[in-house]
Amino acid sequence: MKLLIYSPRYFGPNAFPIPILRSGKVSERYEAEVRGEYHYFSGDKTTNLYTRALLPFFRGKAGIEVSMNLFEEYEMTQEIVDERYAVGRESPITFHGDVIVTAFFQVLKSEKWLDAMVNMTLKTASGGRVCDARYTDAASYWFDVTAGKDLIKARGSDNLSLRLQAMVGFYCWMTNEIIHRQNDAILFGAGLTAHYRSFTLTTDFSGISGYKANGDNSMVWRNNLRYELKKNILSFRYNHGIKDNLYDTLSLGYIRCF
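These lines cover the structure that appears in this document, whether it is placed above or below. Values in this document were obtained by computation on a predicted structure and should not be read as measured data.

Below, the discussion takes up the pattern of salt bridges. The final tally for this structure, using the stated rule, is 18 salt bridges. Across the salt bridge formed by Glu 31 and Arg 52, the nearest N and O atoms sit 2.9 Å from each other. On the criterion of sequence distance, the pair formed by Glu 31 in strand S1 (residues 31-41) and Arg 52 in strand S2 (residues 44-57) is long-range, its members being 21 residues apart. Side by side, Glu 31 and Arg 52 carry an identical accessibility label, which is buried. Here Glu 33 makes a salt bridge to Arg 35, at a shortest N to O gap of 2.6 Å. Across the pair, exposure class does not vary: Glu 33 and Arg 35 are buried alike. Ionic contacts of the salt-bridge type, sharing partners, join the residues Arg 22, Glu 31, Glu 33, Arg 35, Arg 52 and Glu 65 into one network.

Okay, here's the thing in structure tokens:
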């Protein structure tokens, strides 16, 4: 425990999640999602089953989202085990990830100007296998302001649109150091969402940048293609890790809207 380095570079792919870049609007639909994910680089292959539930309130003015990985499995090389001061190369037992709770508040909604929302998130210390540097067994929190603006939207039709969104915020996590008990990071992101008929494609560049420079600059280029049919959504994602985010990710998910 004393040797572990509490930063994204030296932990598993789900220990320091980079917040999803949202549209700037709180959804008015209830959503339930299940997603299979595969994270990989030369030193680690990880699979997990991700679940999420979104509960909006007051006609999209606020909402709560709860998510977690139901289980995770991994296989690391001995070089990565040594680098991270982990105990073993493979998961000896089935374990789950951290419970993450996010609250959303719509602060501005204007077609003329822009949409803006405030997000506040708490990541619990419920994840397992800290001995293998999979989860931190320590709490984290972050908050951000997310804004979005339609650049293209066909009049009288919802079939064609192009939207710009961005976020900026603060990200903090507890460490195992005696003096510096936490790492404070800047949270940022920007991206585009294109929608045509039943298809939606989102791409963004987001990340966190800590002050310790110990592997705490984690960035990602994310792409999400969604197809919706009668409130059923199939989602395919590809994420490319940058700097201290070593992982690329492929995932396939199903979302049910209510």
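Within the largest apolar cluster, 17 residues are counted, with the highest numbers of intra-cluster contacts made by Tyr 6, Phe 11, Tyr 171 and Trp 173. Looking at this core, the elements that each hand over two or more residues are strand S7 (160-174) and strand S8 (182-196). Residue contributions to this core peak at 3 residues, all from S7. The residues contacting Trp 173, other than those within four sequence positions of it, are Tyr 6, Pro 8, Phe 16, Ala 139, Ser 140, Arg 181, Gln 182, Asn 183, Ala 185, Ile 208 and Asp 216. In terms of nonpolar packing, the next biggest core, distinct from the first, is built from 9 residues, Phe 41, Tyr 74, Ile 80 and Tyr 247 among them.

Relative to the assigned elements, Glu 33 resides in strand S1. Here the side chain of Glu 33 touches Arg 35 through a polar contact of 2.6 Å, side chain to side chain. Polar side-chain contacts of Glu 33 include one of 2.6 Å to the side chain of Arg 52. Beyond its immediate chain neighbours, meaning those up to four positions away, Glu 33 contacts Tyr 50, Thr 51, Arg 52, Arg 237, Tyr 254 and Ile 255.

Tallied over the full model, the rule gives 15 aromatic pairs. With a centroid separation of 5.0 Å and 70 degrees between ring planes, the pair formed by Phe 16 and Trp 173 is classed as edge-to-face. Of this pair, Phe 16 sits in the segment before S1 while Trp 173 is found in strand S7, placing the two residues 157 residues apart along the sequence. The exposure class of Phe 16 is buried, given its relative accessible area of 5%. Judged by relative accessible area, Trp 173 falls into the buried class, the value being 0%. Ring centres of Trp 142 and Tyr 171 lie 4.5 Å apart, and the angle between their planes is 5 degrees; on these two criteria the pair is classed as stacked. One end of the pair, Trp 142, is in strand S6 (residues 140-153); the other, Tyr 171, is in strand S7, with 29 residues separating them in the sequence.

What counts and how
Residues numbered from 1 in each chain as written. Predicted model: local features only at pLDDT ≥ 70, side-chain atom pairs only at ≥ 80, totals over all residues. Heavy atoms only, no water. Salt bridge = Lys/Arg side-chain N within 4 Å of Asp/Glu carboxyl O. Helix = DSSP H or I, 4+ residues; strand = E, 2+ residues; numbered from the N terminus. Buried < 20%, exposed > 50% of the residue type's maximum accessible area, 1.4 Å probe, protein only. Core = buried A, V, L, I, M, F, W, Y, C linked by side-chain atoms within 4.5 Å. Contact = heavy atoms within 4.5 Å. Polar contact = N/O pair within 3.5 Å; in protein donor to acceptor, adjacent residues only side chain to side chain. Phe/Tyr/Trp six-rings, centres within 6.5 Å; stacked < 30°, edge-to-face > 60°.

By themselves, these observations are geometric and do not establish any function.
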